Amino acid sequence: MATIDVFNLKREKVGTLDLADEVFAAEVKEHLFYEVVKAQLASKRQGTAAAKNRSAVSGSTKKLYKQKGTGRARHGSIRAPVFVGGGQAHPPRPRDWSYRPPRQVRIGALRSALSKFQKEGRLVVVDAFELSEIKTKSVLAALTALKTQKSTLVVDVADNEKLRLSIRNCEDHQFLPPEGVNVYDLLRHDTLVLSKDAAKKLEARCLEKAK
């Protein structure tokens, strides 16, 4: 088991937390990051690019001039791609770019990302991230006390509304519930802050067997 120090919001050690080595002390397989992030970004593509081919643009279907005897190139339609206003050859069509890597690849990448934060000392576990009021200043003060770096991903249970509403105005920081933690958002932040409950839920999610 990986033993991780637990702090309060003033960065005072209040205990330790045992977490599975398979999740927080696993081998970091960085090639999985590429596979999963590529799939996430592909799934965000709108896929709405479209253009008209020669059958879709407006224009006469009459042959422009006779086939032979003019000395000019042979043409059959003013809607051909070589003419201004003609249709595009092989135009883009609306399509779905999304795809999903195998579950073992997705879970393996998530385990590697969590282990990378732990090994590099960029993981902070707090006993609870409780705020007295909805206030961005309070979140920033807590993150400063926790000695986090420029950008921080804070993970706590989904019903922590005060935290979610307080952090949403921060340009460099983000809140996610354990169910929404993903490799892309992990890798684009410098520090990961987990509550004890969130750490346990992440552990359970990564150890859950495929159904």
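Residues numbered from 1 in each chain as written. Predicted model: local features only at pLDDT ≥ 70, side-chain atom pairs only at ≥ 80, totals over all residues. Heavy atoms only, no water.

1. Some points on the overall build of the protein chain
Piece 1. Across its full length, the protein chain carries seven helices and six strands.
Piece 2. Starting at the N terminus and walking to the C terminus, you meet the elements of the protein chain as β-β-α-α-α-β-α-β-α-β-α-β-α.
Piece 3. Here the C-alpha atoms of the protein chain give a radius of gyration of 27 Å, more than 25% beyond the 17 Å that 2.2 N^0.38 yields for 211 residues.
Piece 4. Viewed in the frame of its principal axes, the protein chain has a C-alpha envelope of about 95 × 40 × 30 Å.
Piece 5. A total of 211 residues make up the protein chain; the buried ones form 39% of that total.
Piece 6. Partitioning the intrachain contacts of the protein chain with sequence separation of at least 6 by distance along the chain shows that 67% fall at a separation of at least 24.
Piece 7. Counting only carbon and sulfur atoms, one obtains 49% of the accessible surface of the protein chain, whose full area is about 12,700 Å².
Piece 8. Considering the protein chain, the positive charge centre built from 39 side chains and the negative charge centre built from 24 side chains are found 19 Å apart. (Helix = DSSP H or I, 4+ residues; strand = E, 2+ residues; numbered from the N terminus. Rg over C-alpha atoms; globule rule 2.2 N^0.38 Å. Buried < 20%, exposed > 50% of the residue type's maximum accessible area, 1.4 Å probe, protein only. Contact = heavy atoms within 4.5 Å. Areas by Shrake-Rupley, 256 points an atom, 1.4 Å probe, with all protein chains shown as cover. Lys, Arg positive; Asp, Glu negative; His and termini not counted. Charge placed at Lys NZ, Arg CZ, Asp CG, Glu CD.)

2. Quick look at the environment of Trp97
Piece 1. Residue position: Trp97 is located in the loop between helix H2 (30-44) and helix H3 (103-119).
Piece 2. With 99 residues separating them in the primary sequence, Trp97 and Lys196 have C-alpha atoms 37 Å apart.
Piece 3. Once residues lying within four places of it in the same chain are set aside, the contact partners of Trp97 are Ala42, Arg45 and Gly47.

3. Remarks on the nonpolar core
Piece 1. Core analysis: the biggest nonpolar cluster contains 30 residues, and Phe24, Leu114, Leu123, Leu186, Leu192 and Leu194 have the highest contact counts within it.
Piece 2. Looking at this core element by element, the count peaks at five residues for H3.
Piece 3. Beyond its immediate chain neighbours, meaning those up to four positions away, Leu186 contacts Leu110, Ala113, Leu114, Phe117, Leu153, Val181 and Leu192.
Piece 4. One finds Val124, Val126, Phe129 and Leu146 within the second-largest nonpolar core, a separate group that totals 15 residues. (Core = buried A, V, L, I, M, F, W, Y, C linked by side-chain atoms within 4.5 Å.)

4. Focus on the sheet that holds strand E1 (residues 2-7)
Piece 1. Ordered in space as E2-E1-E3-E6-E4-E5, the six strands form an open sheet in which the pairing is mixed. Across the chains shown, the open sheet's two edge strands, defined by having one partner strand only, are strand E2 (13-19) and strand E5 (173-176). Pairs of neighbouring strands in the sheet enclose a mean axial angle of 30°, with direction left out of account.
Piece 2. Here H3 sits on the sheet in contact with E1, strand E3 (123-126) and strand E6 (191-195), set at roughly 100° to E6. (Pairing = 2+ DSSP bridges. Axes fitted to C-alpha atoms, helices over the stretch in contact; angles between N-to-C directions.)

5. A closer look at helix H7 (residues 196-207)
Since the α-helix turns once every 3.6 residues, residues separated by three or four places project in the same direction.
Piece 1. Between the first and last C-alpha of H7 there are 17 Å, a value that for 12 residues agrees with the 16 Å anticipated at 1.5 Å per step.
Piece 2. For H7, the full list of buried residues reads Ala198, Ala199, Leu202, Glu203 and Cys206. Angular distribution of buried residues about the axis of H7 spans 140°; they occupy a single face of the element.
Piece 3. Where H7 is buried, its residues meet E2, helix H1 (21-24), H3, strand E4 (152-155) and E6. (Expected span 1.5 Å × (residues − 1). Arc of directions from axis to C-beta.)

6. Description of the pattern of salt bridges
Piece 1. Overall, the coordinates contain seven salt bridges when judged by the stated rule.
Piece 2. Two residues, Asp5 and Lys13, come together in a salt bridge whose shortest N-O distance is 3.2 Å.
Piece 3. Residue class for Asp5 comes out partly exposed when judged on its relative accessible area of 33%.
Piece 4. Through salt bridges with shared partners, one network takes in Glu30, Lys116, Glu120 and Arg122. (Salt bridge = Lys/Arg side-chain N within 4 Å of Asp/Glu carboxyl O.)

7. A short note on the packing of aromatic side chains
Remark: the centre distance and the inter-plane angle together describe each pair of aromatic rings, the angle taken between the planes.
Piece 1. Applying the stated criterion across every chain, the model contains zero aromatic pairs.
Piece 2. When the ring centre of Trp97 is taken as reference, the NZ or CZ atom of Arg95 above it lies at 3.6 Å.
Piece 3. For Arg122, the ring lying beneath its charged end belongs to Phe117, and the centroid distance is 4.4 Å. (Phe/Tyr/Trp six-rings, centres within 6.5 Å; stacked < 30°, edge-to-face > 60°. Lys NZ or Arg CZ within 6 Å of the ring centre and 35° of its normal.)

8. Some points on unusual backbone geometry
Piece 1. Its identity as a non-glycine residue notwithstanding, Arg11 has a phi of 60°, on the positive side.
Piece 2. Among the structural elements, Arg11 can be located in the loop between E1 and E2.
Piece 3. The exposure class assigned to Arg11 is partly exposed, which follows from its relative accessible area of 31%.
Piece 4. In this model, Lys147 sits at a positive phi of 60°, which is unusual for a non-glycine residue.

9. Focus on the pairing of E2
Side-chain positions along a regular strand alternate between the two faces of the sheet.
Piece 1. Pairing of E1 with E2 involves six bridges; the strand directions are antiparallel. What sits directly across from Ile4, in E2, is Leu17.
Piece 2. Adjacent in sequence and paired antiparallel, E1 and E2 are bridged by five residues, among which Arg11 carries a positive phi angle near 60°.

10. Quick look at helix H4 (residues 136-145)
Piece 1. Listing the buried residues of H4 in full gives Val139, Ala142 and Leu143. In a view along the axis of H4, the buried residues occupy a sector of 95°, so they form one face of it. Exposed residues on H4 whose side chains face more than 90 degrees from its buried face are Lys137 and Thr144.
Piece 2. Among the structural elements, E4, helix H5 (161-167), E5 and E6 are those in contact with the buried residues of H4.

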